[in-house]
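Observations on the three-dimensional arrangement
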Amino acid sequence: MAKDVYILAIESSCDDTSVAVLKNRLVLSNVVATQKVHEEFGGVVPELASRAHQKNIVPTLDKALKDAKVNLSAISAIAFTKGPGLLGSLLVGVSFAKSLSLALGIPLIEINHMEAHILAHLIADGSVEPSFPFICLTVSGGHTQLVKVSSPYEFEVLGQTIDDAAGEAFDKIAKIMNLPYPGGPVLDRLAQKGNPTRFQFSLPKTDQYDFSFSGLKTSVLYFLQKEMKKDDAFIENNLEDLCASVQKAILQVLFVKLELLVKDTSIKRIAIAGGVSANSGLRALLKDKKQQGWEVFVPDFSYCTDNAAMIGIAGYYKYLKADFSDLSVAAEARLKL
Ligand code: KG4
Ligand code: ZN
(Lines give C-alpha, C1' and ligand atoms only; values in the text may rest on other atoms or scores of the structure.)
(Ligands and ions follow the chains in the order given, each with its own letter.)
Protein backbone atom coordinates (compact mmCIF):
# COMPACT_ATOMS: atom_id res chain seq x y z
CA MET A 1 0.00 0.00 0.00
CA ALA A 2 1.24 3.50 -0.83
CA LYS A 3 2.52 5.56 2.06
CA ASP A 4 0.21 8.32 3.33
CA VAL A 5 1.13 11.81 2.13
CA TYR A 6 0.92 14.66 4.66
CA ILE A 7 0.93 18.12 3.06
CA LEU A 8 1.35 21.30 5.05
CA ALA A 9 -0.13 24.10 2.94
CA ILE A 10 0.26 27.87 3.20
CA GLU A 11 -1.93 30.51 1.52
CA SER A 12 -1.17 34.24 1.77
CA SER A 13 -2.10 35.72 -1.62
CA CYS A 14 -4.46 38.45 -0.42
CA ASP A 15 -5.91 39.31 2.98
CA ASP A 16 -6.40 35.87 4.52
CA THR A 17 -3.53 34.03 6.21
CA SER A 18 -4.30 30.35 6.03
CA VAL A 19 -2.52 27.11 6.93
CA ALA A 20 -3.90 23.60 6.39
CA VAL A 21 -2.78 20.04 6.95
CA LEU A 22 -3.95 17.31 4.59
CA LYS A 23 -3.55 13.55 4.79
CA ASN A 24 -3.79 12.52 1.15
CA ARG A 25 -7.04 14.13 -0.09
CA LEU A 26 -8.49 14.51 3.40
CA VAL A 27 -8.36 17.87 5.20
CA LEU A 28 -7.17 17.40 8.80
CA SER A 29 -7.19 21.14 9.54
CA ASN A 30 -7.80 24.38 7.64
CA VAL A 31 -7.21 27.50 9.71
CA VAL A 32 -7.98 30.92 8.23
CA ALA A 33 -7.02 34.18 9.95
CA THR A 34 -9.10 36.86 8.25
CA GLN A 35 -7.65 40.37 8.43
CA LYS A 36 -10.14 42.90 9.78
CA VAL A 37 -7.73 45.82 9.43
CA HIS A 38 -8.91 46.62 5.86
CA GLU A 39 -12.60 47.19 6.67
CA GLU A 40 -12.24 50.85 7.58
CA PHE A 41 -10.48 51.55 4.25
CA GLY A 42 -13.18 49.95 2.10
CA GLY A 43 -10.68 47.64 0.37
CA VAL A 44 -7.48 45.66 0.93
CA VAL A 45 -4.46 47.85 1.73
CA PRO A 46 -1.46 45.83 0.45
CA GLU A 47 1.12 47.07 2.97
CA LEU A 48 -1.20 46.39 5.90
CA ALA A 49 -1.96 42.95 4.46
CA SER A 50 1.70 41.87 4.37
CA ARG A 51 2.28 43.11 7.92
CA ALA A 52 -0.78 41.20 9.16
CA HIS A 53 0.44 38.03 7.38
CA GLN A 54 3.76 38.33 9.22
CA LYS A 55 1.95 38.66 12.51
CA ASN A 56 -0.55 35.85 11.85
CA ILE A 57 1.48 33.18 10.12
CA VAL A 58 3.15 31.50 13.13
CA PRO A 59 -0.01 31.33 15.31
CA THR A 60 -1.98 30.08 12.27
CA LEU A 61 0.58 27.31 11.68
CA ASP A 62 0.51 26.34 15.37
CA LYS A 63 -3.27 26.11 15.34
CA ALA A 64 -3.33 24.11 12.09
CA LEU A 65 -0.90 21.52 13.51
CA LYS A 66 -2.79 21.36 16.79
CA ASP A 67 -6.20 20.98 15.10
CA ALA A 68 -4.80 18.27 12.83
CA LYS A 69 -3.05 16.53 15.75
CA VAL A 70 0.03 16.21 13.58
CA ASN A 71 3.68 17.02 14.37
CA LEU A 72 5.90 18.85 11.91
CA SER A 73 8.06 15.69 11.78
CA ALA A 74 5.18 13.80 10.09
CA ILE A 75 4.85 16.28 7.19
CA SER A 76 5.87 14.97 3.73
CA ALA A 77 6.06 18.32 1.89
CA ILE A 78 5.28 22.04 2.13
CA ALA A 79 2.92 23.52 -0.47
CA PHE A 80 2.55 27.28 -0.84
CA THR A 81 0.87 29.87 -3.07
CA LYS A 82 3.35 31.23 -5.61
CA GLY A 83 0.80 33.61 -7.20
CA PRO A 84 -1.22 35.34 -8.47
CA GLY A 85 -1.85 37.84 -5.70
CA LEU A 86 -0.41 40.81 -3.86
CA LEU A 87 3.38 40.61 -4.05
CA GLY A 88 4.05 41.66 -0.45
CA SER A 89 1.50 39.16 0.87
CA LEU A 90 2.82 36.34 -1.31
CA LEU A 91 6.40 37.04 -0.17
CA VAL A 92 5.49 36.30 3.45
CA GLY A 93 4.09 32.87 2.57
CA VAL A 94 6.86 32.01 0.11
CA SER A 95 9.67 32.86 2.56
CA PHE A 96 7.94 31.02 5.36
CA ALA A 97 7.41 27.91 3.21
CA LYS A 98 11.03 27.95 2.07
CA SER A 99 12.33 28.19 5.63
CA LEU A 100 10.12 25.31 6.77
CA SER A 101 11.16 23.12 3.87
CA LEU A 102 14.82 23.88 4.52
CA ALA A 103 14.58 23.33 8.27
CA LEU A 104 12.63 20.08 7.94
CA GLY A 105 14.54 18.80 4.91
CA ILE A 106 11.37 18.06 2.95
CA PRO A 107 10.21 19.02 -0.57
CA LEU A 108 8.76 22.40 -1.44
CA ILE A 109 5.79 22.59 -3.84
CA GLU A 110 4.74 25.82 -5.58
CA ILE A 111 1.03 26.22 -6.29
CA ASN A 112 -0.91 28.45 -8.65
CA HIS A 113 -3.76 29.96 -6.60
CA MET A 114 -6.23 29.73 -9.51
CA GLU A 115 -5.50 26.04 -10.06
CA ALA A 116 -6.01 25.50 -6.35
CA HIS A 117 -9.47 27.15 -6.37
CA ILE A 118 -10.48 24.58 -9.00
CA LEU A 119 -8.84 21.56 -7.37
CA ALA A 120 -10.74 22.31 -4.13
CA HIS A 121 -13.43 20.21 -5.83
CA LEU A 122 -11.22 17.13 -5.39
CA ILE A 123 -10.93 17.43 -1.60
CA ALA A 124 -12.36 14.23 -0.08
CA ASP A 125 -15.13 15.68 2.08
CA GLY A 126 -17.88 13.23 1.28
CA SER A 127 -19.45 15.33 -1.48
CA VAL A 128 -19.79 14.09 -5.06
CA GLU A 129 -16.75 15.10 -7.14
CA PRO A 130 -16.91 16.17 -10.78
CA SER A 131 -15.53 13.67 -13.27
CA PHE A 132 -13.33 14.91 -16.12
CA PRO A 133 -13.62 16.92 -18.25
CA PHE A 134 -15.57 19.62 -16.45
CA ILE A 135 -15.89 23.38 -16.77
CA CYS A 136 -15.03 25.54 -13.80
CA LEU A 137 -16.36 29.07 -13.40
CA THR A 138 -13.97 30.71 -10.96
CA VAL A 139 -15.47 33.91 -9.56
CA SER A 140 -13.54 35.69 -6.84
CA GLY A 141 -12.56 39.19 -5.80
CA GLY A 142 -9.50 39.09 -8.04
CA HIS A 143 -10.41 36.74 -10.89
CA THR A 144 -13.16 35.61 -13.21
CA GLN A 145 -12.33 32.68 -15.46
CA LEU A 146 -13.92 29.88 -17.43
CA VAL A 147 -11.58 26.89 -17.41
CA LYS A 148 -11.86 23.49 -19.06
CA VAL A 149 -10.38 20.95 -16.64
CA SER A 150 -9.35 17.65 -18.26
CA SER A 151 -7.40 16.15 -15.32
CA PRO A 152 -5.83 17.43 -12.07
CA TYR A 153 -2.91 18.52 -14.27
CA GLU A 154 -4.64 19.88 -17.38
CA PHE A 155 -6.28 23.31 -17.36
CA GLU A 156 -7.34 25.33 -20.37
CA VAL A 157 -8.50 28.90 -19.81
CA LEU A 158 -11.26 29.51 -22.35
CA GLY A 159 -12.49 32.88 -21.14
CA GLN A 160 -11.73 35.52 -18.55
CA THR A 161 -12.49 39.06 -17.52
CA ILE A 162 -10.91 41.82 -19.55
CA ASP A 163 -11.23 44.33 -16.68
CA ASP A 164 -12.77 43.93 -13.20
CA ALA A 165 -13.44 40.56 -11.59
CA ALA A 166 -17.02 39.57 -10.69
CA GLY A 167 -16.37 39.97 -6.94
CA GLU A 168 -14.72 43.31 -7.61
CA ALA A 169 -17.85 44.41 -9.51
CA PHE A 170 -20.00 43.45 -6.51
CA ASP A 171 -17.64 45.27 -4.12
CA LYS A 172 -17.20 48.43 -6.23
CA ILE A 173 -20.91 48.84 -6.96
CA ALA A 174 -21.71 48.18 -3.30
CA LYS A 175 -19.23 50.92 -2.40
CA ILE A 176 -20.96 53.36 -4.79
CA MET A 177 -24.15 52.57 -2.86
CA ASN A 178 -22.37 53.28 0.46
CA LEU A 179 -22.50 49.66 1.64
CA PRO A 180 -19.70 48.39 3.92
CA TYR A 181 -16.72 46.38 2.62
CA PRO A 182 -16.67 43.66 1.36
CA GLY A 183 -19.87 44.62 -0.40
CA GLY A 184 -20.62 41.32 -2.17
CA PRO A 185 -22.30 39.49 0.72
CA VAL A 186 -24.14 42.65 1.89
CA LEU A 187 -25.46 43.34 -1.61
CA ASP A 188 -26.53 39.69 -1.88
CA ARG A 189 -28.45 39.86 1.40
CA LEU A 190 -30.30 43.05 0.38
CA ALA A 191 -30.95 41.72 -3.14
CA GLN A 192 -32.94 38.82 -1.73
CA LYS A 193 -35.63 41.28 -0.60
CA GLY A 194 -35.65 43.39 -3.77
CA ASN A 195 -37.20 43.37 -7.25
CA PRO A 196 -34.54 42.36 -9.81
CA THR A 197 -36.50 43.68 -12.79
CA ARG A 198 -37.02 47.20 -11.41
CA PHE A 199 -33.89 48.74 -12.94
CA GLN A 200 -32.19 47.71 -16.19
CA PHE A 201 -28.50 48.14 -16.90
CA SER A 202 -26.88 47.60 -20.29
CA LEU A 203 -24.76 44.49 -20.65
CA PRO A 204 -21.28 44.44 -22.22
CA LYS A 205 -20.28 43.01 -25.58
CA THR A 206 -17.09 40.95 -25.34
CA ASP A 207 -15.31 38.35 -27.47
CA GLN A 208 -16.42 34.75 -27.24
CA TYR A 209 -16.18 33.61 -23.58
CA ASP A 210 -14.61 36.76 -22.10
CA PHE A 211 -16.30 38.91 -19.46
CA SER A 212 -16.34 42.63 -18.72
CA PHE A 213 -17.73 44.38 -15.65
CA SER A 214 -16.33 47.89 -15.64
CA GLY A 215 -18.98 49.27 -18.05
CA LEU A 216 -21.72 47.98 -15.78
CA LYS A 217 -20.11 49.68 -12.80
CA THR A 218 -19.93 52.99 -14.70
CA SER A 219 -23.53 52.73 -15.90
CA VAL A 220 -24.73 52.12 -12.32
CA LEU A 221 -22.67 55.14 -11.17
CA TYR A 222 -24.09 57.47 -13.86
CA PHE A 223 -27.63 56.22 -13.27
CA LEU A 224 -27.35 56.87 -9.52
CA GLN A 225 -25.80 60.32 -10.05
CA LYS A 226 -28.69 61.25 -12.35
CA GLU A 227 -31.36 59.99 -9.93
CA MET A 228 -29.70 61.61 -6.91
CA LYS A 229 -30.06 65.01 -8.59
CA LYS A 230 -33.82 64.52 -8.35
CA ASP A 231 -33.92 62.74 -4.98
CA ASP A 232 -30.84 62.74 -2.77
CA ALA A 233 -32.21 59.81 -0.78
CA PHE A 234 -32.70 57.75 -3.98
CA ILE A 235 -30.23 55.04 -2.94
CA GLU A 236 -31.65 54.55 0.57
CA ASN A 237 -35.25 54.64 -0.73
CA ASN A 238 -34.61 52.00 -3.39
CA LEU A 239 -31.72 50.03 -1.91
CA GLU A 240 -33.17 46.52 -2.07
CA ASP A 241 -34.43 46.90 -5.65
CA LEU A 242 -31.12 48.45 -6.70
CA CYS A 243 -29.17 45.55 -5.17
CA ALA A 244 -31.45 42.95 -6.76
CA SER A 245 -31.16 44.64 -10.18
CA VAL A 246 -27.36 44.98 -9.97
CA GLN A 247 -26.99 41.37 -8.86
CA LYS A 248 -29.18 40.21 -11.75
CA ALA A 249 -27.01 42.16 -14.22
CA ILE A 250 -23.71 40.74 -12.85
CA LEU A 251 -25.09 37.20 -12.94
CA GLN A 252 -26.39 37.75 -16.47
CA VAL A 253 -22.89 38.70 -17.63
CA LEU A 254 -21.58 35.43 -16.17
CA PHE A 255 -24.37 33.19 -17.38
CA VAL A 256 -24.50 34.41 -20.99
CA LYS A 257 -20.90 33.20 -21.42
CA LEU A 258 -21.26 30.06 -19.34
CA GLU A 259 -24.31 28.98 -21.33
CA LEU A 260 -22.54 29.70 -24.60
CA LEU A 261 -19.55 27.58 -23.54
CA VAL A 262 -21.78 24.69 -22.47
CA LYS A 263 -23.53 24.86 -25.83
CA ASP A 264 -20.28 24.96 -27.81
CA THR A 265 -18.43 22.22 -25.88
CA SER A 266 -21.42 20.07 -24.90
CA ILE A 267 -19.78 19.74 -21.47
CA LYS A 268 -22.60 20.00 -18.95
CA ARG A 269 -20.51 19.29 -15.86
CA ILE A 270 -20.12 22.70 -14.23
CA ALA A 271 -18.12 23.47 -11.13
CA ILE A 272 -17.94 26.87 -9.45
CA ALA A 273 -15.15 28.25 -7.32
CA GLY A 274 -14.12 31.47 -5.55
CA GLY A 275 -15.85 33.71 -3.02
CA VAL A 276 -18.69 34.80 -5.31
CA SER A 277 -19.90 31.19 -5.49
CA ALA A 278 -21.49 31.94 -2.10
CA ASN A 279 -23.92 34.26 -3.88
CA SER A 280 -27.53 33.16 -3.36
CA GLY A 281 -28.65 34.34 -6.81
CA LEU A 282 -25.84 32.42 -8.50
CA ARG A 283 -26.75 29.29 -6.57
CA ALA A 284 -30.43 29.68 -7.48
CA LEU A 285 -29.59 30.02 -11.19
CA LEU A 286 -27.42 26.90 -11.02
CA LYS A 287 -30.25 25.00 -9.36
CA ASP A 288 -32.48 25.88 -12.32
CA LYS A 289 -29.78 24.64 -14.67
CA LYS A 290 -29.68 21.30 -12.85
CA GLN A 291 -33.27 20.80 -13.86
CA GLN A 292 -32.16 21.36 -17.47
CA GLY A 293 -29.63 18.54 -17.27
CA TRP A 294 -26.48 20.24 -16.00
CA GLU A 295 -24.41 18.53 -13.32
CA VAL A 296 -23.51 21.27 -10.87
CA PHE A 297 -20.71 21.17 -8.29
CA VAL A 298 -20.43 23.75 -5.52
CA PRO A 299 -17.70 23.21 -2.92
CA ASP A 300 -18.31 23.69 0.78
CA PHE A 301 -18.18 27.43 1.46
CA SER A 302 -14.96 27.11 3.51
CA TYR A 303 -13.26 25.81 0.34
CA CYS A 304 -14.78 28.56 -1.90
CA THR A 305 -13.16 31.60 -0.29
CA ASP A 306 -9.38 31.80 0.02
CA ASN A 307 -8.09 28.92 2.15
CA ALA A 308 -5.01 26.74 2.48
CA ALA A 309 -6.86 23.41 2.12
CA MET A 310 -7.18 24.08 -1.62
CA ILE A 311 -3.42 24.75 -1.77
CA GLY A 312 -2.95 21.44 0.06
CA ILE A 313 -5.01 19.39 -2.41
CA ALA A 314 -3.14 20.97 -5.33
CA GLY A 315 0.10 20.14 -3.48
CA TYR A 316 -0.98 16.56 -3.02
CA TYR A 317 -1.41 16.04 -6.78
CA LYS A 318 1.98 17.62 -7.51
CA TYR A 319 3.57 15.47 -4.78
CA LEU A 320 2.32 12.33 -6.57
CA LYS A 321 4.30 13.45 -9.63
CA ALA A 322 7.32 14.54 -7.55
CA ASP A 323 6.85 18.00 -9.10
CA PHE A 324 8.96 19.93 -6.57
CA SER A 325 10.48 23.43 -6.51
CA ASP A 326 13.93 24.44 -5.39
CA LEU A 327 14.80 27.26 -3.02
CA SER A 328 15.25 29.75 -5.86
CA VAL A 329 11.49 29.81 -6.48
CA ALA A 330 10.00 33.32 -6.24
CA ALA A 331 6.54 34.82 -5.74
CA GLU A 332 4.83 35.98 -8.94
CA ALA A 333 2.05 38.55 -8.55
CA ARG A 334 0.73 38.01 -12.07
CA LEU A 335 1.20 34.26 -12.37
CA LYS A 336 -1.03 32.92 -15.17
CA LEU A 337 -3.03 29.72 -15.19
O1 KG4 B 1 -12.28 34.04 -3.32
P2 KG4 B 1 -12.35 35.19 -2.38
O3 KG4 B 1 -12.60 34.91 -0.92
O4 KG4 B 1 -11.05 36.04 -2.41
C5 KG4 B 1 -10.36 36.33 -3.57
O6 KG4 B 1 -9.53 35.50 -4.00
O7 KG4 B 1 -10.69 37.38 -4.13
O8 KG4 B 1 -13.50 36.16 -2.94
C9 KG4 B 1 -13.87 37.34 -2.28
C10 KG4 B 1 -14.93 38.02 -3.12
C11 KG4 B 1 -15.24 39.43 -2.64
O12 KG4 B 1 -15.26 40.26 -3.77
C13 KG4 B 1 -16.63 39.29 -2.03
O14 KG4 B 1 -17.39 40.46 -2.09
C15 KG4 B 1 -17.22 38.20 -2.88
O16 KG4 B 1 -16.15 37.28 -3.06
N17 KG4 B 1 -18.37 37.55 -2.23
C18 KG4 B 1 -19.63 37.64 -2.69
C19 KG4 B 1 -20.45 36.92 -1.77
N20 KG4 B 1 -19.62 36.42 -0.79
C21 KG4 B 1 -18.37 36.81 -1.09
N22 KG4 B 1 -20.12 38.26 -3.76
C23 KG4 B 1 -21.45 38.16 -3.97
N24 KG4 B 1 -22.30 37.50 -3.15
C25 KG4 B 1 -21.84 36.88 -2.05
N26 KG4 B 1 -22.68 36.22 -1.24
ZN1 ZN C 1 -8.82 33.35 -4.38
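Up top is the structure these notes are about.
Note that this is a predicted model, so its numbers are computed, not measured. (Residues numbered from 1 in each chain as written. Chains lettered and ligands numbered in written order. Predicted model: local features only at pLDDT ≥ 70, side-chain atom pairs only at ≥ 80, totals over all residues. Heavy atoms only, no water.)

The N-to-C vectors of helix H4 (residues 166–176) and helix H6 (residues 214–230) enclose an angle of 10 degrees; their axes lie 10 Å apart at closest approach. Between H4 and H6, the interaxial angle falls into the category roughly parallel. Counting all contacts with H4, which are made through Lys172, Ile173 and Ile176, the residues of H6 involved are Leu216, Lys217, Val220, Leu221 and Leu224. Among the residues making up the contact of H4 with H6, the classes are represented as 6 nonpolar, no polar and 2 charged. (Axes fitted to C-alpha atoms, helices over the stretch in contact; angles between N-to-C directions. Helix = DSSP H or I, 4+ residues; strand = E, 2+ residues; numbered from the N terminus. Parallel < 35°, antiparallel > 145°, perpendicular 65-115°, else oblique. Contact = heavy atoms within 4.5 Å. Nonpolar A, V, L, I, M, F, W, Y, C, P; charged D, E, K, R; others polar.)

Moving on, we get to the coordination of the zinc ion (ligand 2). The coordination sphere of the zinc ion (ligand 2), as far as protein atoms go, consists of His113 (NE2), His117 (NE2) and Asp306 (OD), spread over 2.1 to 2.2 Å. One chain supplies every donor for the zinc ion (ligand 2), spaced along it as H-x3-H-x188-D. Here the residue His113 occupies a position in helix H3 (residues 113–119), and Asp306 occupies one in the loop between strand S10 (295–297) and helix H10 (308–320), the gap between them amounting to 193 residues. Take His113 and Asp306: they sit in the same class, and that class is buried. (Donors = N, O, S within 2.8 Å, 3.2 Å for Na, K, Ca; no water. Buried < 20%, exposed > 50% of the residue type's maximum accessible area, 1.4 Å probe, protein only.)

Attention now goes to the sheet that holds strand S5 (residues 108–112). The strand order across the open sheet formed by 5 strands is S3-S2-S1-S4-S5, and the pairing between neighbours is mixed. Each edge of the open sheet is held by one strand with a lone partner, namely strand S3 (26–34) and S5. Between one strand axis and the next, the sheet turns through 20 degrees on average, direction left out of account. In this sheet, S3 lies alongside strand S2 (residues 16–23) in antiparallel orientation, the contact comprising 8 bridges. Bridge pairing in S3 links Ser18 to Val32. On top of the sheet, helix H2 (residues 87–104) reaches strand S1 (6–11), strand S4 (77–83) and S5; it is set at about 160 degrees to S4, its chief contact. Against the sheet, H10 engages S1, S2, S3, S4 and S5, with an angle of about 135 degrees to S1. (Pairing = 2+ DSSP bridges.)

Our focus in this paragraph is H4. Along H4, the positions that sit buried rather than exposed are Ala166, Gly167, Ala169, Phe170, Ile173 and Ala174. The buried residues of H4 occupy one face: seen down the axis, they fall within an arc of 160 degrees. Looking at the buried residues of H4, the elements they touch are strand S6 (134–139), strand S7 (144–151), helix H5 (183–191), H6 and helix H8 (239–265). Asn178 occupies a position one or two residues after H4 and carries a positive phi of about 65 degrees. (Arc of directions from axis to C-beta.)

Here we take up the sheet that holds S6. By way of backbone hydrogen bonds, the strands of a sheet pair with one another, either parallel or antiparallel. If you walk across this open sheet you meet the 5 strands as S8-S7-S6-S9-S10, and the pairing is mixed. The sheet is open, and its two borders are formed by strand S8 (154–160) and S10, each paired with just one other strand. Within this sheet the neighbouring strands show an average axis-to-axis angle of 25 degrees, counted without direction. With 3 bridges connecting them, strand S9 (residues 269–273) and S10 associate as parallel partners. When the bridges of S10 are listed, Arg269 appears paired with Glu295. Across the sheet, H8 lies against S6, S7, S8 and S9, angled at about 165 degrees from S6, the strand it touches most.

A few words now on the pattern of salt bridges. Side chains bearing opposite charge may pair, as long as their charged atoms lie close to each other. A complete count under the given rule lists 16 salt bridges for this structure. In this structure, Asp4 engages Lys23 in a salt bridge whose closest nitrogen and oxygen atoms are separated by 3.8 Å. One end of the pair, Asp4, is in the segment before S1; the other, Lys23, is in strand S2, with 19 residues separating them in the sequence. With a relative accessible area of 28%, Lys23 lands in the partly exposed category. Note that Lys193 is salt-bridged to Glu240, the shortest N-O span being 4.0 Å. Residue Lys193 is found in the loop between H5 and H6, and its partner Glu240 is found in helix H8; the two are separated by 47 residues along the sequence. Here the residues in one salt-bridge network are Asp164, Glu168, Lys172 and Lys217, joined through shared partners. (Salt bridge = Lys/Arg side-chain N within 4 Å of Asp/Glu carboxyl O.)

Looking now at the layout of surface pockets. In this approach a probe as big as a water molecule rolls over the atoms, and the regions it shows empty are the leftover space. In this structure, the second largest pocket spans a volume of roughly 220 Å³. Along the walls of the second largest pocket sit 13 residues, with Pro196, Gln247, Lys248, Leu251 and Gly281 positioned nearest its centre. Elements supplying a minimum of two residues to the lining of the second largest pocket: H8 and helix H9 (280–291). Split into classes, the residues belonging to the lining of the second largest pocket amount to 6 nonpolar, 6 polar and 1 charged. (1 Å grid on protein atoms, 1.4 Å probe; cavity = no way out; pocket = protein on both sides within 12 Å on 5 of 7 lines; lining within 4 Å. Points joined across faces, edges and corners; volume = space filled by probe spheres on them.)

Shape is all these values report; function is a separate question.
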